[in-house]
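The chain contents come next:
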Amino acid sequence: MSAPLLAVEGLSVDFPGDGGRVRVVDCIGFSIAAGETLALVGESGCGKSMTALAVMRLVAKPGRIEPGSRIRLEGRDLLSLSVPEMRGVRGARIGMIFQEPMTSLNPVTTVGEQVMEAIELHAGIPRAKARERVIELFGHVGIPDPARRFQAYPHQLSGGLKQRVMIAMAMAMRPRLLIADEPTTALDATIRAQILELLRTLCAETGTAVLLITHDFGVVNETADRVAVMYAGQIVEEGTRLEVLSQPRHPYTQGLLRSIPKPEARGARLEEIKGIVPRPGHWPPGCRFHTRCPFAFEPCPVRAPERTALSATQAACCHLLTREARP
Amino acid sequence: MHWVSNIVVVLLIVGAILAGRHVARDRFWRENAAQLWRRRPFAIGVIGLYLFLALLDSIAWIDPASEANALTSGKPRTIIDRIFQPERFKEASYSAPLADAAFYGGQPLLHPGAHLLGTDLLGRDVVYRTLKGVRVALLIGGLTSLVVIPIALLFGVTAGYFGRRIDDAVFFAMTVLASVPSLLLLIALIMVLGKGTVQVCVALGVTGWVHFCRIARGETLKLREADFVAAARVLGVSEATIIRRHILPNIAHLIIITFALSFTALVLSETILSYLGIGLDGSWGQMIDQARNELSRTPVIWWNLTGASVALFTLVLAVNMIADAMRDIIDPRTRREER
């Protein structure tokens, strides 16, 4: 297998908290191949978004990426780049779109100008040329009447159109990797499908890999090639979409999948995972999920489970798996 | 010195044309300007008139005709001076508006019925003095704002944006400055710098930037966390460009409103300085201060006070009305939705 586009190894992010530094992302590793879509799934507060920001090296102070973490993009170590070099990577090599298209655009500048900012910054082409590129790009992301929309202010566009503008902005420089942080959470169901479809076709056309951050298995099912499930700052299970969705091995993944409403179970009480995600710094010892896990047994509160490979592509961290392997 | 003010006039006119072109080109500003005009045509007209008078009083030159006259030789005269001819158009002392005879003694006047608002103690025409005060008032407000806004923006925005040590330092400076009684500081500064238009404006500016700095800092703190700033960062935009293209345009409305409000506060505070004897020569504050002594006479000499205070009141009211309308237009919570 060729070198992955993005390789993250031992990534930890910590913040100063009560009595020392508190990890919010704890030693996670994953990789994305060129053109592949990896979905990072988990409940709120499990460190998904922080992982994305860490890849961009935009963890806000006083938070920091711990030394010893490794993030490599196309073989380049992002953590050793200088600040201006990193700025050259952002926008040009890695694009990012956010959850809230409503607030992600500057309200006092036309949307065209804002997308142009990205192009001018990285491509260094004259304004008239950049303007043409933006209008072309707007057409490409399915904005009707792109020349007129270039002049529009954010408040004059609908949520779906704004998200299209954000996508145009992120894809303006044809980045190798697109980080989409819950790109459809703030949109209606009908628009959601359109935006996902747009992301899929755009990325397929340009061969862009996607790191998709979501808590919605519907989105995962529609777009992802592989899935990584995060819980309390760690990746607890990963595998191809089919493996994770049809044969989840970690009790947390199983719980998440069971808590999706199903049409055939209409009228029945929706299953849920008991309890809430523990706050960073208050993670229980041993397996962090054991306080909420229906299958917890003796080793769970004592020892952290190790990563167990289940196939060439699937792996999970759970004591149940090692017990099954050695009866 | 008169050529300096002539150059300033030219620069101001050029600046106004450039600003006007920008407003006409950028839809955001054009719509707001049009709405402002619809809401407050009268106040805008008043401001326009004041600006026009101040310009008339700023263009000065020396010409052979005035050189020939011993009273005016060597002195540049402005257009207003040339219209009123104050050397000739004066009386011996007080005269009531449109009077034919002097207030005291009843001697016939040199220009009977010509002094619309009468004359003051030294026989100077009150209308002329009031009009001369326009330029001083606008200078106080404008020049001081030119000192205040850059200082306040620089400190406020950098403190808010970069936070931590810079913020601590700026906040410390602001707290120290705010804990000294501002009038005391003002008097001390004017004693150090000396009396004069620029000096007084600098003194007012140095004591007055704290308030605006606090507003700019607060707003920047909020904007720093805005999603569109994060989006710009994600695109690899540098900090300086983020401040220039995303922070400053979003506090532009605050700059305009604070400018308008502080303008009136400054013009009014000049009258207090005049009362304390450190005001500007030829200001309305000085006229009011002089008129104060005459209020106890019977029959009362009211025209001196009236000329200056009506002019002052009209200016302050007009600017406040415009500031108020601008806030309504710009603030999205009070803005009518227009498509």
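Thresholds applied
- Residues numbered from 1 in each chain as written.
- Chains lettered and ligands numbered in written order.
- Predicted model: local features only at pLDDT ≥ 70, side-chain atom pairs only at ≥ 80, totals over all residues.
- Helix = DSSP H or I, 4+ residues; strand = E, 2+ residues; numbered from the N terminus.
- Buried ≥ 20, exposed ≤ 12 C-beta atoms within 10 Å, placed from the backbone.
- Contact = placed C-beta atoms within 7 Å.
- Rg over C-alpha atoms; globule rule 2.2 N^0.38 Å.
- Axes fitted to C-alpha atoms, helices over the stretch in contact; angles between N-to-C directions.
- Left-handed = near helix turned anticlockwise from the far one by under 90°.
- Nonpolar A, V, L, I, M, F, W, Y, C, P; charged D, E, K, R; others polar.
- Domains from an automatic or database assignment.
- Pairing = 2+ DSSP bridges.
- Expected span 1.5 Å × (residues − 1).
- Parallel < 35°, antiparallel > 145°, perpendicular 65-115°, else oblique.
- Core = buried A, V, L, I, M, F, W, Y, C linked by C-beta atoms within 7 Å.

### A word on the overall build of chain B
- Along the backbone of chain B there are 13 helices and 2 strands.
- Projected onto its principal axes, the C-alpha coordinates of chain B cover approximately 80 × 45 × 40 Å.
- Here chain B holds 339 residues, and the buried ones make up 35% of them.
- Restricting the contact set of chain B to residue pairs at least 6 apart, pairs at least 24 apart contribute 62%.

### Description of the overall build of chain A
- Counting its regular elements, chain A contains 11 helices and 13 strands.
- Relative to the compact-globule value of 20 Å for 327 residues, chain A shows a C-alpha radius of gyration of 21 Å, a close match.
- For chain A, the spread of C-alpha atoms along the principal axes amounts to about 70 × 50 × 45 Å.
- Partitioning the contacts of chain A with sequence separation of at least 6, the portion at a separation of at least 24 is 61%.

### Here's the deal with the packing of helix H8 (residues 182-193) of chain B against helix H9 (residues 197-224) of chain B
All names here are of chain B.
- Running from N to C, H8 and H9 cross one another at 145 degrees; their axes reach a closest spacing of 9 Å. Handedness of the crossing formed by H8 with H9: right-handed. On H9, the residues touching Ser182, Leu185, Leu186, Leu189, Ile190 and Leu193 of H8 are Gln199, Val200, Val202, Ala203, Leu204, Val206 and Thr207.
- Class assignment of the residues belonging to the contact of H8 with H9 gives a composition of 10 nonpolar, 3 polar and no charged.

### Section: the interface of chain A and chain B
- Counting residues at the interface gives 22 residues for chain A, matched by 15 residues for chain B.
- Sorting the residues of the side of chain A that touches chain B by element identifies helix H2 (83-89) and helix H3 (111-123) of chain A as the ones contributing at least two each.
- Looking at which element gives the most residues to the side of chain A that touches chain B, the answer is H3(A), with 4 residues.
- Classifying every residue of the side of chain A that touches chain B by side-chain character gives 11 nonpolar, 7 polar and 4 charged.

### Examining the domain arrangement of chain B
Residues and elements named next belong to chain B.
- The assigned domain composition of chain B is domain 1 (90-123) and domain 2 (125-330).
- With 10 residues of domain 1 at the contact, the number on the domain 2 side is 9 residues.
- Among the residues making up the side of domain 1 that touches domain 2, the classes are represented as 5 nonpolar, 3 polar and 2 charged.

### Structural notes on the sheet that holds strand E8 (residues 177-181) of chain A
Residue and element names in this part refer to chain A.
- Spatial ordering of the open sheet is given by E7-E8-E9-E3-E10-E11-E13-E12, a layout of 8 strands whose pairing is mixed. The sheet is open, and its two edges are formed by strand E7 (94-97) and strand E12 (307-309), each paired on a single side. Taken over all neighbouring pairs, the strand axes of this sheet differ in orientation by 20 degrees on average, direction set aside.
- Relative to strand E10 (residues 226-231), strand E3 (residues 37-41) runs parallel, the two sharing 4 bridges. Directly across from Leu40, in E10, lies its bridge partner Ala228.
- Helix H6 (residues 159-171) rests against E7 and E8 of the sheet, and its axis sits at about 170 degrees to E7.

### Details of H6(A)
Residues and elements named next belong to chain A.
- Its 13 residues place the ends of H6 18 Å apart at the C-alpha level, agreeing with the 18 Å of an ideal helix rising 1.5 Å per residue.
- Buried residues dominate H6, accounting for 12 of its 13 residues.
- Those residues of H6 that are buried lie in contact with E7, H3, helix H4 (127-140), E8 and helix H7 (189-206).

### A look at the packing of helix H11 (residues 239-275) of chain B against helix H12 (residues 284-292) of chain B
Residue and element names in this part refer to chain B.
- Packing of H11 against H12 leaves a shortest axis separation of 8 Å and a crossing angle of 50 degrees. In terms of axis orientation, H11 runs oblique to H12. Judged by the twist between their axes, the crossing of H11 over H12 is right-handed. Here Glu270, Thr271, Leu273, Ser274 and Tyr275 of H11 lie close against H12, whose contacting residues are Trp284, Gly285, Gln286, Ile288 and Asp289.
- Residue classes in the contact of H11 with H12 are distributed as 4 nonpolar, 4 polar and 2 charged.

### So, the nonpolar core
- If you look at the biggest cluster of nonpolar residues, it comprises 117 residues, and the most contacted ones within it are A:Val115, A:Ala168, A:Leu177, A:Ile179, A:Leu211 and A:Val229.
- Here this core takes 8 residues from H6(A), the largest share from any one element.
- Not counting residues within four places of it along the chain, the set of residues in contact with A:Val229 comprises A:Val41, A:Gly42, A:Ile235, A:Val236, A:Glu237, A:Glu238, A:Val244, A:His250, A:Tyr252 and A:Thr253.
- The next biggest cluster of nonpolar side chains, apart from the first, holds 46 residues, and it includes B:Val126, B:Val136, B:Ala203 and B:Leu280.

### Side note on unusual backbone geometry
Residue and element names in this part refer to chain A.
- Located in the positive-phi region is Arg174, a residue other than glycine, with phi close to 50 degrees.
- Structurally, Arg174 is set in the loop between H6 and E8.
- You will see that Ala232, though not glycine, has its phi angle at about 50 degrees, which is positive.
- When you line up the elements, Ala232 lands in the loop between E10 and strand E11 (234-240).
- On the basis of neighbour count, Ala232 is assigned to the buried category, with 25 C-beta atoms found within 10 Å.

### Let's talk about the environment of B:Lys222
- Along the chain, B:Lys222 turns up in helix H9.
- B:Lys222 sits 25 residues away from B:Ile247 along the chain, and the two C-alpha atoms are 9.8 Å apart.

### Let's talk about the environment of B:Leu235
- Position of B:Leu235 among the secondary structure elements: in the loop between helix H10 (227-234) and H11.
- With 221 residues separating them in the primary sequence, B:Leu235 and B:Val14 have C-alpha atoms 37 Å apart.
- Ignoring any residue separated from it by four or fewer positions in sequence, one finds B:Leu235 in contact with A:Arg90, A:Gly91, A:Glu117, A:Ala118, A:Leu121 and A:Met169.

### Observations regarding H3(A)
- With 13 residues, H3(A) ought to run about 18 Å at 1.5 Å a step, and its terminal C-alpha atoms sit 18 Å apart, in line with that.
- Of all the 13 residues making up H3(A), 10 are buried; the element is thus mostly covered by neighbouring parts of the structure.
- Considered for burial, the residues of H3(A) that qualify are A:Val111, A:Gly112, A:Gln114, A:Val115, A:Met116, A:Glu117, A:Ala118, A:Ile119, A:Leu121 and A:His122.
- Those residues of H3(A) that are buried lie in contact with H4, helix H5 (146-149) and H6 of chain A together with H11 of chain B.
- Just past H3(A), the residue A:Gly124 takes up positive phi, approximately 60 degrees.

### Brief notes about the pairing of strand E5 (residues 70-73) of chain A
Residues and elements named next belong to chain A.
- Of the two faces of E5, only one is covered, namely that formed by Ile71 and Leu73; the face formed by Arg70 and Arg72 stays uncovered.
- Pairing of strand E1 (residues 6-17) with E5, which is carried by 4 bridges, proceeds in the antiparallel orientation. What sits directly across from Val8, in E5, is Ile71.
- One ladder, built from 2 bridges, connects E5 with strand E6 (residues 76-77); its direction is antiparallel. The residue of E6 that forms the bridge with Arg72 is Asp77.

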